[in-house]
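Overview (structure and organization)
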Amino acid sequence: MEFIDLKSQQDRIRERIDARIATVLDHGRYIMGPEIGELEDALCSYLGVKHSIGASSGTDTLLIALMALGVKAGDEVITVPYTWISTAEVIALIGAKPVFVDVDPVTWNMDPALLEAAITERTKAIMPVGIYGQTADMRAINEIAGRHGNLPVIEDAAQSFGATHHGVKSGALSTIGSTSFFPSKPLGGYGDGGALFTDDDELAERMRWIRVHGQQKKHYHPVIGLNGRLDTLQAAILLPKLELFPEEVELRQTVGRRYDERLADIPGIECPVVGPGNTSVYAQYTLLCDDRAAVQEKLQKRDVPSVPYYSVPLHLQPVFAGLGHRKGDFPITESIADRCLSLPMSPYLSEADQDQVAAALRD
Ligand SMILES: *Cc1c(COP(=O)(O)O)cnc(C)c1O
């Protein structure tokens, strides 16, 4: 069994992808070709936002967002220790300090109840993450940000793109939304890529400059930027995938429900819970179990792959040792990191495969 099945999707749209790639090879505009704008428009309609900006990855998007907001060395940006390294990495990369707050035990995302105490006069942005496919309580986070001088909120929606929070799509929930098109993400391309979303005209313009070396117009650079463009070819590949995406979000939710049903009564396992007001796109189906290494080994023997993502949380990563954290600082994060295990997940996972996963776990 595959951990993430990308082949079934390709079988459905291979012809459309081939035709799109051929069009790019014919027109030859490999950098910022017409497919970029076409994809950005399609993403705006999907999310219901004013601006969408394609970029080179879901890491560079976070960096571009921070740069556009003017975050600089010595500033503080609040995020969570239970996430992929990118979220905190980009904060450190521009010389700012990642300030961690622990996650909520239900959604495993930023706990708004702990946020306020972490805000100082040096706080320049708040960066919640939508881990495994559902968002944080963005309503509560936006409300707190609003009360503290309208602090900008950057939503890292790399895993939650396709999910909703009180009916609003992830990526459209705050000052800036950021997502990734890494192949295994809910909306994945065939290489690296990402996108930014905002309703703010000025921020959108700055992010567009920063994406292309801080260039406002030809031969004129008002700000520092980077080479952060999305490839035309990736945009061409993502267009037919985005057409399929709403249906795939529903399929993912069906697969998630089927796991819930099959695993609910297995002792020693805690299934993931979708928080109030949320839907999940199940970027991963991740449960909690004790004695994880033994469970993983037994699953492997029965041809069921599984992955313990973020099992070393960011506050305990050697690269962030300088922040002076130690074990015990973020107990909810640590208890999830010690026990989490992600199961095979894709919109096309069959009931037979899910039965096999459940049987192996029960064993
Ligand atoms: C994948 C991911 C990123 C980075 O995306 P890339 O496109 O791989 O750079 C950032 N944040 C989270 C939460 C992710 O899962």
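Here's what I pulled together on the structure shown here.

Calculation criteria
- Residues numbered from 1 in each chain as written.
- Predicted model: local features only at pLDDT ≥ 70, side-chain atom pairs only at ≥ 80, totals over all residues.
- Heavy atoms only, no water.
- Patch = residues over 30% accessible without salt bridge, like charges linked within 9 Å, V, L, I, M, F, W, Y side chains within 5 Å.
- Areas by Shrake-Rupley, 256 points an atom, 1.4 Å probe, with all protein chains shown as cover.
- Salt bridge = Lys/Arg side-chain N within 4 Å of Asp/Glu carboxyl O.
- Helix = DSSP H or I, 4+ residues; strand = E, 2+ residues; numbered from the N terminus.
- Pairing = 2+ DSSP bridges.
- Axes fitted to C-alpha atoms, helices over the stretch in contact; angles between N-to-C directions.
- Core = buried A, V, L, I, M, F, W, Y, C linked by side-chain atoms within 4.5 Å.
- Buried < 20%, exposed > 50% of the residue type's maximum accessible area, 1.4 Å probe, protein only.
- Contact = heavy atoms within 4.5 Å.

A few points about a nonpolar patch on the surface
- A cluster of nonpolar residues, Leu 25, Tyr 30, Ile 31 and Leu 233, forms a patch on the protein surface that exposes about 380 Å² of accessible area.
- Relative to the helices and strands, Leu 233 resides in helix α8 (residues 232-263).

Quick look at the sheet that holds strand β4 (residues 123-126)
- Across the sheet, which stays open at both edges, the 3 strands sit in the order β3-β2-β4 with parallel pairing between neighbours. Lying at the two open borders of the sheet, with one neighbouring strand each, are β3 (97-100) and β4. Taking each pair of neighbouring strands and ignoring which way they run, the sheet shows an average axis angle of 30°.
- Where strand β2 (residues 76-79) lies against β3, 4 bridges are found, and the strand directions are parallel. Counterpart to Ile 78 in the pairing with β3 is Val 99.

Comments concerning the nonpolar core
- By size, the foremost hydrophobic cluster in this structure holds 28 residues, and its most contacted members are Ile 78, Tyr 82, Met 110, Leu 115, Ile 126 and Ile 141.
- Looking at this core, the elements that each hand over two or more residues are α6 (138-147) and α10 (331-339).
- Looking at this core element by element, the count peaks at 4 residues for α6.
- Beyond its immediate chain neighbours, meaning those up to four positions away, Ile 126 contacts Ile 78, Met 110, Leu 115, Ile 141, Ala 145, Leu 151, Pro 152, Val 153 and Ile 154.

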